[in-house]
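Now for the letters of each chain:
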Amino acid sequence: MSEWKYLAQSTVGTQLIRSTDSIGANIAEGSGRGSDKDYVRFLRISRGSLYETKHWLRRAYSRDLLLQNHIDELKLIIDELTPKLNAYIRVVSKIKLEEPA
């Protein structure tokens, strides 16, 4: 991204980095909250950040900021992560929120 012009860096680039960083950060924050309900909520926020990342990658590609091979590499990671995160949310939601207290 250091080769991107300032406007692209300060708009799409910044948002792309923030949304990407938020995926793992929200999982970590949720796990430290101490509440099962909060953990599931932060997992869902993490999923939202994953979908936001997909949006910003589409924007970067449509504005010719990323090449197709970059998108292809990142898409492989996202396509692997998305169903895993969704499955994890389902399992944690069922275990954490449906267990008797």
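Above: the structure in question.
Residues numbered from 1 in each chain as written. Predicted model: local features only at pLDDT ≥ 70, side-chain atom pairs only at ≥ 80, totals over all residues. Heavy atoms only, no water.

**Q** With reference to specific residues and values, describe the overall build of the chain.
**A** When its secondary structure is counted, the chain shows 3 helices and 0 strands. Along the chain direction, N to C, the helices and strands of the chain fall in the order α-α-α. Looking at the chain residue by residue over its 101 residues, the buried ones come to 29%. Long-range pairs, those at least 24 residues apart, make up 63% of the contacts in the chain between residues at least 6 apart in sequence. Surface exposure of the chain reaches about 6,900 Å², of which carbon and sulfur atoms provide 56%. (Helix = DSSP H or I, 4+ residues; strand = E, 2+ residues; numbered from the N terminus. Buried < 20%, exposed > 50% of the residue type's maximum accessible area, 1.4 Å probe, protein only. Contact = heavy atoms within 4.5 Å. Areas by Shrake-Rupley, 256 points an atom, 1.4 Å probe, with all protein chains shown as cover.)

**Q** Just give me the short version of the packing of aromatic side chains, but keep the residues and values in it.
**A** All told, the structure shown has 1 aromatic pair when counted by the stated rule. Ring plane angle 80° and centroid distance 6.3 Å describe the contact between tyrosine 39 and tyrosine 88, whose orientation is recorded as edge-to-face. Residue tyrosine 39 is found in helix H2 (residues 36-62), and its partner tyrosine 88 is found in helix H3 (residues 68-98); the two are separated by 49 residues along the sequence. You can call tyrosine 39 buried: its relative accessible area is 12%. The partly exposed category is assigned to tyrosine 88, whose relative accessible area is 37%. (Phe/Tyr/Trp six-rings, centres within 6.5 Å; stacked < 30°, edge-to-face > 60°.)

**Q** Describe H2, with residues and values.
**A** Taking 1.5 Å of rise per residue, the 27 residues of H2 would be expected to cover 39 Å, and the 40 Å separating its terminal C-alpha atoms lies within 8% of that figure. Looking only at H2, the buried set comprises Tyr39, Val40, Phe42, Leu43, Ser46, Ser49, Leu50, Thr53, Trp56, Leu57 and Ala60. Looking at where H2 begins, the residue whose side-chain oxygen comes 3.3 Å from the main-chain nitrogen of lysine 37 is serine 35. Note on H2: the residue one or two positions beyond its end, aspartate 64, has a positive phi of about 60°. (Expected span 1.5 Å × (residues − 1). Polar contact = N/O pair within 3.5 Å; in protein donor to acceptor, adjacent residues only side chain to side chain.)

**Q** I'd like a description of the nonpolar core, backed by residues and values.
**A** If you look at the biggest cluster of nonpolar residues, it comprises 16 residues, and the most contacted ones within it are Leu43, Leu50, Leu57, Leu66 and Val92. Broken down by secondary-structure element, the contributors of at least two residues to this core are helix H1 (6-31), H2 and H3. With 7 residues, the top contributor of residues to this core is H2. Here leucine 43 is in contact with Ile27, Tyr88, Ile89 and Val92, once residues within four sequence places are set aside. (Core = buried A, V, L, I, M, F, W, Y, C linked by side-chain atoms within 4.5 Å.)

**Q** Which residues make up the side chain of serine 19, and what are the values?
**A** Within the secondary structure, serine 19 sits in helix H1. The exposure class of serine 19 is buried, given its relative accessible area of 1%. In contact with serine 19, not counting residues within four places along its chain, are Ser49, Glu52, Thr53 and Trp56.

In short, shape yes, function no, at least from these values alone.
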